[in-house]
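A structural walkthrough
Below are the chains, spelled out letter by letter.
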Amino acid sequence: MNDSSKRLRSEQWFNIPDDPGMTAIYVERYLNYGVTRDELQSGKPIIGIAQTGSDIAPCNRIHLQTVDRAKDGIRAAGGVPFVFPVHPIQESCRRPTAALDRNLSYLGLVEIIHGYPFDAVILTAGCDKTTPAGLMAAATTNLPAIVLSGGPMLDGWYEGKLTGSGMATWEARRLLAAGQIDYQGFMDLVCSTTTSPGHCNTMGTALTMNSLAEVLGMSLPGSASIPAAYRERMQSAYETGQRAVEIVHENLTPDRILTRQAFENAIALNTAIGGSTNAPPHLAAIARHVGVELDIKDWENIGYDIPLLVNCQPAGDFLGEGFHRAGGVPAVVNELMTAGNIHKDALTISGKSISENVAGKTTQDTNVIRSYETPLMQQAGFLVLSGNLFDSALMKTCVISNDFRKRYLSRPGSENRFESRVVVFDGPEDYHARIDDPSLNIDESCLLAIRGCGPIGYPGSGEVVNMQPPAALIQRGINQLPTLGDGRQSGTSASPSLLNASPESAAGGNLALLQTDDTVRIDLNERTVMLLVSDEELSERRENYEPPEITNETPWQEIYRGCVGQLATGGCFDFATNYHKVAEQVPRHNH
């Protein structure tokens, strides 16, 4: 171990014989709670465990237990574990939005991984943005890394029916607006979904991103969907700990796994599972940080023609527990692979190719995971639309309901095209205050637009585009109107919104110029969204436009707004995408 080219990264902190002064400084304080010099100086890999679980992050709180099993696995494989905290991210409680925390968590992880003596890192993941934050940091640092997912909650039930997290909230809002439940009924319905430790049990952004982490090759095969309460979750944590030591000796770095082929596999899987519209900005961010070209149009070019295979809410009926029992990600990958939609040779963290990982993993319940020949829907991917209001926006086609399609997309001679009168809201507060105002004359032909909700405007980009109709329309059985905005929507929402519009209004996008009573033409065949006013009218509106005042409530909001890019390119800090393989450079001494 005296050859510096073969020495572990951690030894350049803990075992520098020709510099005892610095070695002593790095070693001595770790001894004060019982770590031995032998552990630190015997050449055992030091494995960092990025702890995202806490009392204020209930979706990740299971990791307070999983890290103990991961530590056991690390020690069994001959490593030394060190757990460290990560800035918490909790989608359901953080205000104004947890999207603010993804980049903050990422920056913190990069600094910790770069500045501390780790040879590999386990990235604990669960709630929406913990997964991309960890993968973004792995991409930037290029230290051997492996994702340990926390898993979904067990199935929820209410009055004999499956209730999914998020989905129950949107349903409760409709029932309350229709006068069919009261406050107590609302609370009972929504809380029926939280049955156990774990993240959302729907195919929302959490389960989507953990599934994509697996198909990208960054977590152990079959691990993404194991419910948090299952014994297999702790067993997977142990195996992840063991594997974390092995990837040090194999020098299995993220850049060997996070290739263009891996991202194409992830796009294909996202369609097949009915994944979240939050996946494109997250995958774009990971790709940019690892240096892989991934364009927003790739989501349509690669993913649109893939069929929907997984029958999970919000695009289907079942929940995460059923998805796992039916075979999870490996079963879906196998179906996609037989149809030629997966790059079989893509390397994974197991040290094997993705095809080797899923060999023999077939669907165990065809009601939940369909075969490629009998899907729930053909051509179920995202459409990428553009026009004179924005350069790009997404539409999730697998959640277009029969009722929505009949009312808006089935007019003879104009199939998949419609025009709507627009009602504009400046943020969710304006929407909630005025949606039931009869003077707006909102009827079943209108389109609801919301702006000021992007990365800069919100800030962070709010999950607010899935606006429900006025109560008067809901009482008539009209549960969805077309919606459009520069924010996002929850991955648990079944709304076929036009969202993630880039550039956002606060960055100079023409959504800022949209006015109530304008007419917008949406053409899914041509992939266009056009405001039906002249170029001269738009120019005049631009000349007379006075942007709303933006007030930062915290120092971080000011930093975030000043550095963040648009959703189409990942909502990254653009300057940060210039940093690559930063853990390969050992930082200078601290004394």
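See above for the structure.
1. Some thoughts on the overall build of the protein
If you tally the helices and strands in the protein, you get 22 helices and 14 strands. For the protein, the C-alpha radius of gyration of 24 Å lies close to 25 Å, the compact-globule estimate for 591 residues. Within the protein, the proportion of its 591 residues that are buried is 59%. Counting contacts in the protein only where the partners sit at least 6 residues apart, residues at least 24 apart contribute 75% of the total. Averaged over its 47 positive side-chain charges, the protein has a centre that lies 4 Å from the centre of its 68 negative ones.

2. Digging into the nonpolar core
Membership of the largest hydrophobic core comes to 153 residues, with the highest contact counts inside it found for Phe263, Leu283, Phe323, Val332, Leu336, Phe425 and Ile442. The greatest single-element share of this core, amounting to 8 residues, is contributed by helix α12 (residues 260–273).

3. Digging into the pattern of salt bridges
On inspection of all chains with the given rule, the structure shows 27 salt bridges. Asp101 is paired through a salt bridge with Arg94; the nearest N and O atoms lie 2.8 Å apart. Assessed through its relative accessible area of 2%, Asp101 is described here as buried. A salt bridge links Asp403 to Arg407; the shortest N-O distance between them is 3.1 Å. Of this pair, Asp403 and Arg407 both sit in helix α18 (residues 402–408), 4 residues apart, which is roughly one turn of the helix.

4. Quick notes on the pairing of strand β3 (residues 120–125)
Among the 6 residues in β3, 6 count as buried, and that is most of the element. Of the two faces of β3, the one carrying Ala120, Ile122 and Thr124 and the one carrying Val121, Leu123 and Ala125 are both buried. Examined bridge by bridge, strand β1 (residues 46–51) and β3 share 4 bridges and lie parallel to one another. Within the sheet, the bridge partner assigned to Ala50 lies in β3 and is Leu123. By the bridge criterion, 5 bridges tie β3 to strand β4 (residues 145–149) in an arrangement that is parallel. Across the sheet, residue Ala125 finds its bridge partner in β4, namely Ser149. Read from β3 through helix α6 (residues 130–141) to β4, the crossover connection turns out right-handed.

5. Some words on the packing of aromatic side chains
Within the structure shown, the criterion is met by 12 aromatic pairs. Between Tyr116 and Phe118, the aromatic rings sit 6.4 Å apart at their centres with planes inclined by 25°, giving stacked as the arrangement. Among the residues examined, Tyr116 registers a relative accessible area of 42% and is labelled partly exposed. Judged by its relative accessible area of 6%, Phe118 is buried. Joined through ring pairs, the aromatic side chains of Trp556, Tyr560, Phe573 and Phe575 make up one cluster. Above the plane of the ring of Tyr304 lies Arg527, whose end atom (NZ or CZ) is 5.3 Å from the centre.

Calculation rules
Residues numbered from 1 in each chain as written. Predicted model: local features only at pLDDT ≥ 70, side-chain atom pairs only at ≥ 80, totals over all residues. Heavy atoms only, no water. Helix = DSSP H or I, 4+ residues; strand = E, 2+ residues; numbered from the N terminus. Rg over C-alpha atoms; globule rule 2.2 N^0.38 Å. Buried < 20%, exposed > 50% of the residue type's maximum accessible area, 1.4 Å probe, protein only. Contact = heavy atoms within 4.5 Å. Lys, Arg positive; Asp, Glu negative; His and termini not counted. Charge placed at Lys NZ, Arg CZ, Asp CG, Glu CD. Core = buried A, V, L, I, M, F, W, Y, C linked by side-chain atoms within 4.5 Å. Salt bridge = Lys/Arg side-chain N within 4 Å of Asp/Glu carboxyl O. Pairing = 2+ DSSP bridges. Right-handed = clockwise from strand over helix to strand, strands pointing away. Phe/Tyr/Trp six-rings, centres within 6.5 Å; stacked < 30°, edge-to-face > 60°. Lys NZ or Arg CZ within 6 Å of the ring centre and 35° of its normal.

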